[in-house]
Amino acid sequence: MTSQKEIGLTRQLKNISSHPMRLLLLAAIALASACNDTKPVADRPNIIVSTDIGGSDPDDYQSLVHLFVYADQFNLLGLISSPPDAGRKEHIEETIAAYAADLEKLKKHSARFPSPEYLLSITKQGATDSLQTEAPTALSEGASWLIEKAKENAGQPLYVLVWGSITDVAQAVHHAPSIKSNIRVYSIGSWNTVQDPKSRDYLFHNHPDLWWIENNTTFRGMYMGGDTTNAMGNLSFVDNHLKGHGALGDLFWNKKKDIKMGDTPSVLYFLNGDIDNPEGESWGGSFVKTNHGPHFWTDNPADSLIESNRAGAKTVNKFRQAYLRDWAARMGWLKE
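Residues numbered from 1 in each chain as written. Predicted model: local features only at pLDDT ≥ 70, side-chain atom pairs only at ≥ 80, totals over all residues. Heavy atoms only, no water.

Draft legend 1. Representation of the overall build of the chain in the model. Summing up its helical and strand segments, the chain has 14 helices and eight strands in all. For the chain, the proportion of its 336 residues judged to be buried stands at 57%. (Helix = DSSP H or I, 4+ residues; strand = E, 2+ residues; numbered from the N terminus. Buried < 20%, exposed > 50% of the residue type's maximum accessible area, 1.4 Å probe, protein only.)

Draft legend 2. Quick look at the environment of Trp145. Looking at where Trp145 falls in the secondary structure, it is placed in helix α6 (residues 141-152). For the pair Trp145 and Ile80, spaced 65 residues apart in sequence, the C-alpha to C-alpha distance is 8.7 Å. Setting aside residues no more than four positions away along its own chain, Trp145 makes contact with Leu77, Gly78, Ser121, Ile122 and Lys124. (Contact = heavy atoms within 4.5 Å.)

Draft legend 3. Region of the structure containing the sheet that holds strand β5 (residues 183-188). Here we have eight strands laid out as an open sheet, ordered β3-β2-β1-β4-β5-β6-β8-β7, and mixed in their pairing. Edge positions in the open sheet fall to β3 (123-125) and β7 (287-289), since each of these has one partner strand only. Strand-to-strand twist of the sheet, defined as the mean angle between neighbouring strand axes without regard to direction, takes the value 20°. Here strand β1 (residues 46-51) pairs with strand β2 (residues 75-81) via six bridges, running parallel. Opposite Ile47, over in β2, you have Leu76 as the bridge partner. (Pairing = 2+ DSSP bridges. Axes fitted to C-alpha atoms, helices over the stretch in contact; angles between N-to-C directions.)

Draft legend 4. Summary view of the pairing of β5. Taken across its six residues, β5 has six buried, putting it largely inside the fold. In terms of strand pairing, strand β4 (residues 158-162) meets β5 through five bridges, oriented parallel. For Val162, the partnering residue across the bridge sits in β5 and is Ser187. Pairing of β5 with strand β6 (residues 211-215) involves five bridges; the strand directions are parallel. Paired with Arg184 across the strands is Trp211, a residue of β6.

Draft legend 5. Examining helix α7 (residues 167-175) more closely. Along α7, seven of the nine residues are buried, which leaves the element largely enclosed by surrounding structure. Listed as buried for α7 are Thr167, Asp168, Val169, Ala170, Gln171, Ala172 and Val173. Summarising the contacts, the buried residues of α7 are in contact with β1, β2, α6, β4, β5 and α9 (197-206).

In structure tokens, the structure reads:
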């Protein structure tokens, strides 16, 4: 007999965008949901991801695939669709469907992988337009969710990983400035800032006390430079360790056939290193303080850390073999 949980999950997924394996994935989600009641646990970092997945750059799909393969390492509290661009909440749901198809294989290695039903419940639509005024006025569903989760976890750091425009963070901080006491932002700037400069400038100029790693060029080390021997190149890694490795690997392959993953350093930061010390070494980069506020770090400009004219990029690509081998081992679970 079909459980109420399975029925509810199927209804939630009925609007997911079309996919060649849609029926198979929906069936896998229902099975996974019935078998897995695991919720994120309190001893993992609290994480909300704000992503422009589905927009003009497919690398957010890549980064979300990577995140889901490590989902047992985090207390995931939110997945927010934050263009402005064509990306929407349904593109996060598309990746959750692939995750559901692979979940039973992942769970053989950790019971802490969250259920697809749970991931759907924390997926929210964020802003769809960039800020046009000097300060935010609107409050998106995603921004409201961020405020709610920050208040629920008062006294505990809530890390907000910004893979697109920082619009929803600006809205949340503007409407509930008290949340600054426990949110920590790791944002990927560069092109994302170009998409909504007013939101970034609002936070920078009006909230200098915000805990914030602003990664504008360091992230380039994800796909520029580093040791690419032993099939660890941008193309060879995908060909050997993602293509044909479960629904997640194939989703990655179908969206983009080489590594870009410019947002992934925000995840790597938590997998190796001291998350309380942005100036220390980590897979996600090493950063420097400026004279802007007590808790603001950005790219290290040292000449020795520049890769292809990108400051700080070598603080990521120096670990290329380590973080790709670690990921390859997890992707191997999907071929068992």
